[in-house]
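Here's the letter readout for the chains.
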There are 2 protein chains.
Amino acid sequence: MGQTLFSSDFRLGILGGGQLGKMMLYTTRKWDIQTYVMDKHDTAPAFEGSTVFFEGDIMDYEAVLEFGRQVDVLTIEIENVNVDALEQLEKEGVAVSPSSKVLNLIRNKATQKTFYQEYNIPTAPFEVLETPKVTDRSFPYIWKSAEGGYDGKGVKVIRSKDDLNDLPDQECIYEDMIDFKLELAVIVARNASGDMTTYPVVEMEFHPEANQVEYVLCPARIDDNIAKQARELALQVSHAYNHVGLLAVEMFLTQNNQLLVNEVAPRPHNSGHYSIEGAVTDQFEQHVRCVLDLPLGSTDTVLPAVMVNLVGAEGHTGNVVYDGINEILAMDGVTPHIYGKKETRPFRKMGHVTIVADDIEKARKLAEIVKGKIKVVSS
Amino acid sequence: MGQTLFSSDFRLGILGGGQLGKMMLYTTRKWDIQTYVMDKHDTAPAFEGSTVFFEGDIMDYEAVLEFGRQVDVLTIEIENVNVDALEQLEKEGVAVSPSSKVLNLIRNKATQKTFYQEYNIPTAPFEVLETPKVTDRSFPYIWKSAEGGYDGKGVKVIRSKDDLNDLPDQECIYEDMIDFKLELAVIVARNASGDMTTYPVVEMEFHPEANQVEYVLCPARIDDNIAKQARELALQVSHAYNHVGLLAVEMFLTQNNQLLVNEVAPRPHNSGHYSIEGAVTDQFEQHVRCVLDLPLGSTDTVLPAVMVNLVGAEGHTGNVVYDGINEILAMDGVTPHIYGKKETRPFRKMGHVTIVADDIEKARKLAEIVKGKIKVVSS
C-alpha cells in the first residue's frame, strides 16, 4: 500500500496524545501522512502536528469506535485504551496495530507473566492472586498490581506482612526479587508482512527513589555474547505475541548472566528515545513503518548515546521552567526534547535529553554533567 | 532569554510556509516553542505543526506588519517578503533575523555582487545593467535578472546577441562564465550574541537541464586545505553582512583552485538538508538557535551523506504519487522527506532523500540507485 500513503487521502489514527504520540508525528509530518490523534485534552503534546485532533476519552468504547471508523490504520501510544472498541474495529476491517489480542495479553501483568510461562520465555518466578493476602512466599518479594501500573506506580517491595496492609483490593502478582546486575531493554520491530529486526541492547539506570529510568545507555556495556542472546530473546517474545509494531522488551541480567524478561510495551518506549539522535532509523519512524507495513529501516547506531529523562523536581508544581537549559544547549552533542506539558509536578516526565559522543563512557560522563545542570522547576 | 522560550508564552514568527518553514517546525515542536507561520495558502507544507497559521501575503506591507506585531522574534524561510514592513517592525522593537538591511543587500543580485566587490570577497567578474543590451563583454556570458530569480529561473547563458532578445526589460547583471571544477557551499551559523560556526563544505551536482541541484554531497570530495579556505571565506561573507541566522554561501572552485562566491541565502538551504540525518545539529535547529540567540550546536558530521532532490517528473502535472518510494524505504540509511505539496508539476521541488553510509563514495553510489528507483509522477 506504500505509495498511496504519502500526500494522499490515507489516514493513520493514534490513540493517545502524549509525548510518544507527539514524537510519532515527526515521522508523519516528514512523510506527509495524514494523522488523526485522539486524547482527552487539547493541551496534549500531540495536539500540534496532528492533521485532525479529536478531544475524546481513549478509554470510552463509543469514542474510540467513532474515532477508529475515520481512519485506515489505527495505532496507540499508550496501552490504556478501550480494547473492546479495538476488537470491534478489527471486525469492521480497520487495521489495528497492536491488535486487541496482544493488548489484552499485555496490559494485565498476571496475563503477561502467565503468557511467558506458557511460551517458555524466562521470567522471574511469580504467583497470581485475586487480591493481596499472606502466602508462603518468603520475604522480600515484589507486589505488582495486575492492571493500571505505570512508571513505578502499582509496584512495591514487600518486606514483611505489614507491607501488605495498605495495598489496593485488586488482582496482583507476587514476584521473586531478582538479584540483577543490570536492567536491559531490546526494541523489536515487526511489520505486518512479518519482517523483523531488533535495535541494539540498551542499559537502564533507574532513579533510586522515583523508580523511573534516569539514564538509558546505547549500547549497553555488556559483552557481545550476552547482547546477542538478549536480541534473540526479544525476537522470541515478539514472535510469541505475533505482534505488529514496536515491542520494547525489558529484561534483567542476573548475577549469573541469565536473562529474564521483566515486562514489555507494544509501542515506542522510553528506552528507545536515544534513537532519534543515536540510530539511523529512530523508533518512532520504525513504529510508523511497522504499522503501515512499510519496509523496516536500519537499526544501526550512528553514535553512542545516553538518554536522560527530564522529570519534575520535587517541591515544584505549576508552570514549568527549564532551569539551565541554555547551559546544556551549549554542550556539543546534547539535544533536549521538551514534551510540551505546561505544568510540572514532582517526577512528572516533562522531556528528555540525548547526549551523543564518540564513545559510551564519554557520553555517560556528559550525561551526568547535563543532569547536574538542568532542573525542571516551576516559575 | 533562553529559559523563557520553552513551553512558555514566547512566540516565534516565520514568514513563508514552504518546506523550509516546515522543517524549522521540527525543532520548535521538539522544544515546544510557540510558532506562528504566515503564508498565502493554508495548503502550505508548514500549515500542520505551526501553533497558529495566518493566511496572508508575505509580500504585503500591512499583512506582514500585522503578523509581525504578534510575535517576539521574526524570521523568514524565503527572501521574497515585504522588507519595508520588516524595517518598520525592527523600529517597533521586534527582533527580526535576518535583518531588513541584510535582506535588502541580498535579494537583489546586482546589489549582492556589488557588496562582494566592496568587501573584497572574490566573485566572478560582472557588470550591472538597468536593462539587457549589447555591451562589449565577450560571449558567452551569464545573464541574471537582479530580482525574482529562483531555482534556475532568471538565469540564462548568452552565446550571441540574439540570446538577448527575449529577456525581460528589467535590471540585471552580466557575469563571466566561470570554468569551474566544482560548485561548493558552506553554511555559516551566527547567533545574535555573535557566536559563529560553519558546517563542513558540501559539493553540489546540478541537473544539466533543470539547473537545479541534483545531488549534494557532504563532505565535499576536496582536499582539506581547500575545505579550510572555503569555510574561512564563508565566515568572511557572514561577517561582512553582520548577519544573524544561517547564511548559505555558494561558491565555485575554479580550475586553478580559486574560490569565488556565487550567491548567498540568509536561511536554511537546500545544500544543508543532508544535515537532518548527517550532522549532530541539523541546519533547521541551528537556524532556530541563531535567531533565538541560543548557543550554537555542533556542526560535526555523524555520517557521510548525499541528498537527492525529488522534483516532479516531466510530463506529469496533478495529484502526486511517489512511485518506487517503498523500494527506497527498503534500502539501509535512506530517508525520504515528502514536503506535502499535493500537486506535482515538472521540476517542482516535492521532497528530498538523504542517503547516509560509512563513506561518501558508497553514499553517492546508493544515491544514484535511489534516483533510478523513485519517480515523482501524477496519479
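What counts as what
Residues numbered from 1 in each chain as written. Chains lettered and ligands numbered in written order. Predicted model: local features only at pLDDT ≥ 70, side-chain atom pairs only at ≥ 80, totals over all residues. Heavy atoms only, no water. UniProt positions renumbered as here; feature names shortened; annotations may be inferred. Pairing = 2+ DSSP bridges. Helix = DSSP H or I, 4+ residues; strand = E, 2+ residues; numbered from the N terminus. Salt bridge = Lys/Arg side-chain N within 4 Å of Asp/Glu carboxyl O. Buried < 20%, exposed > 50% of the residue type's maximum accessible area, 1.4 Å probe, protein only. Contact = heavy atoms within 4.5 Å. Polar contact = N/O pair within 3.5 Å; in protein donor to acceptor, adjacent residues only side chain to side chain. Arc of directions from axis to C-beta. Phe/Tyr/Trp six-rings, centres within 6.5 Å; stacked < 30°, edge-to-face > 60°. Lys NZ or Arg CZ within 6 Å of the ring centre and 35° of its normal. Domains from an automatic or database assignment. Buried area = accessible area lost by both parts, 1.4 Å probe. Nonpolar A, V, L, I, M, F, W, Y, C, P; charged D, E, K, R; others polar.

For chain A, an unreviewed UniProt entry supplies the name N5-carboxyaminoimidazole ribonucleotide synthase and the organism Nonlabens ponticola. Under the UniProt heading Sequence similarities (unreviewed entry), the entry covering chain A gives this text: "Belongs to the PurK/PurT family." Regarding chain A, the UniProt comment filed under Pathway (unreviewed entry) reads as follows: "Purine metabolism; IMP biosynthesis via de novo pathway; 5-amino-1-(5-phospho-D-ribosyl)imidazole-4-carboxylate from 5-amino-1-(5-phospho-D-ribosyl)imidazole (N5-CAIR route): step 1/2."

Focus on the sheet that holds strand β1 (residues 11–15) of chain B
Residues and elements named next belong to chain B. Taken in spatial order, the five strands line up as β3-β2-β1-β4-β5 in an open sheet, and their pairing is parallel. Looking at strand neighbours, the two that pair on one side only are β3 (52–55) and β5 (95–96), the edges of this open sheet. The sheet contact formed by strand β2 (residues 34–39) and β3 spans four bridges and is parallel. Across the sheet, residue Asp39 finds its bridge partner in β3, namely Glu55.

As for the pattern of salt bridges
Residue and element names in this part refer to chain B. For the coordinates displayed, the defined rule picks out 44 salt bridges over all chains. Here Arg29 makes a salt bridge to Asp32, at a shortest N to O gap of 3.8 Å. In this structure Asp32 comes out as buried when scored by relative accessible area, which is 8%. Across the pair Lys156 and Asp166 runs a salt bridge whose closest N-O atoms are separated by 3.2 Å. With Lys156 in strand β8 (residues 155–158) and Asp166 in the loop between β8 and β9 (172–176), this residue pair connects regions lying ten residues apart in the sequence. Taking the relative accessible area as the measure of exposure, Lys156 reaches 26% and is therefore partly exposed. Overall, the relative accessible area of 62% leaves Asp166 in the exposed class.

Focus: the UniProt feature "binding site: ATP" (unreviewed entry) in chain A
Residue and element names in this part refer to chain A. The positions UniProt marks with the feature "binding site: ATP" (unreviewed entry) are Lys109, Lys144, Glu175, Asp176, Met177, Ile178, Glu183, Asn262 and Glu263. As for its position among the elements, Asp176 is in strand β9 (residues 172–176). Setting aside anything within four residues of it in sequence, one finds Asp176 in contact with Ala124, Pro125, Arg137 and Ile142. Its place among the elements puts Asn262 in strand β15 (residues 259–265). When sequence neighbours within four positions are dropped, the list of residues in contact with Asn262 reads Gln112, Lys113, Tyr116, Lys144, Glu175, Glu183, Glu250, Met251 and Phe252. Side chain to side chain, Asn262 and Lys144 meet in a polar contact 3.1 Å long.

Regarding helix α3 (residues 83–91) of chain B
Residues and elements named next belong to chain B. Within the sequence span of α3, burial applies to Val83, Ala85, Leu86 and Leu89. Buried residues of α3 fall within an arc of 150 degrees about the axis and therefore sit on the same side. In this fold, the buried residues of α3 make contact with β1, α2 (61–68), β4 (73–76), β5 and α4 (100–106). You can read the cap of α3 off the contacts: a side-chain oxygen lies 3.2 Å from the backbone nitrogen of Asp84, and it is on Asn82. Gly93 lies just past α3 and shows a positive phi near 100 degrees.

Here we look at the packing of aromatic side chains
Residues and elements named next belong to chain A. Tallying each qualifying case throughout the model produces 22 aromatic pairs over all chains. Between Tyr116 and Tyr241, the ring centres sit 6.4 Å apart and the planes meet at 80 degrees, which makes this aromatic pair edge-to-face. In this pair, Tyr116 is assigned in helix α5 (residues 109–118) and Tyr241 in helix α6 (residues 224–241), connecting sequence segments 125 residues apart. Summarising the burial analysis for this pair, Tyr116 and Tyr241 share the class buried. An aromatic cluster of at least three residues, connected via ring pairs, comprises Phe115, Tyr116, Tyr119 and Tyr241. Sitting over the ring of Tyr215, Arg364 keeps its end group 3.9 Å from the ring centre.

Some words on the domain arrangement of chain A
Many structure descriptions define interface size as the accessible area lost when the parts assemble. Residues and elements named next belong to chain A. Domain annotation of chain A identifies domain 1 (2–96), domain 2 (125–176) and domain 3 (180–378). A C-alpha centroid distance of 23 Å is found between domain 1 and domain 3. The partner domain 3 presents 20 residues to the 23 residues of domain 1 that form the contact. The contact between domain 1 and domain 3 buries some 1,800 Å² in all, and 70% of this surface belongs to carbon and sulfur atoms. Measuring nitrogen to oxygen at the nearest pair gives 2.7 Å for the salt bridge that ties Arg267 to Glu79. Here domain 1 is connected to domain 3 by seven residue pairs in polar contact (both at pLDDT 80 or more). Elements that contribute at least two residues to the side of domain 1 that touches domain 3 include exactly α1 (19–30) and β4 (73–76). For the side of domain 1 that touches domain 3, the leading source of residues is α1, giving eight residues. Broken down by class, the residue content of the side of domain 1 that touches domain 3 amounts to 13 nonpolar, six polar and four charged.

What about the interface of chain A and chain B?
Of the residues lining the interface, 44 residues belong to chain A; the matching set on chain B comes to 44 residues. Interface area for chain A against chain B, summed over the two sides, is near 3,800 Å², with a carbon-plus-sulfur share of 53%. Considering only the surface of chain A that becomes buried against chain B, Arg29, Glu48 and Leu329 of chain A emerge as the three largest contributors, covering 18% of it. Our enumeration of links across chain A and chain B arrives at four salt bridges. The partner of Asp32 of chain B in a salt bridge is Lys342 of chain A, with the nearest N and O atoms 3.0 Å apart.

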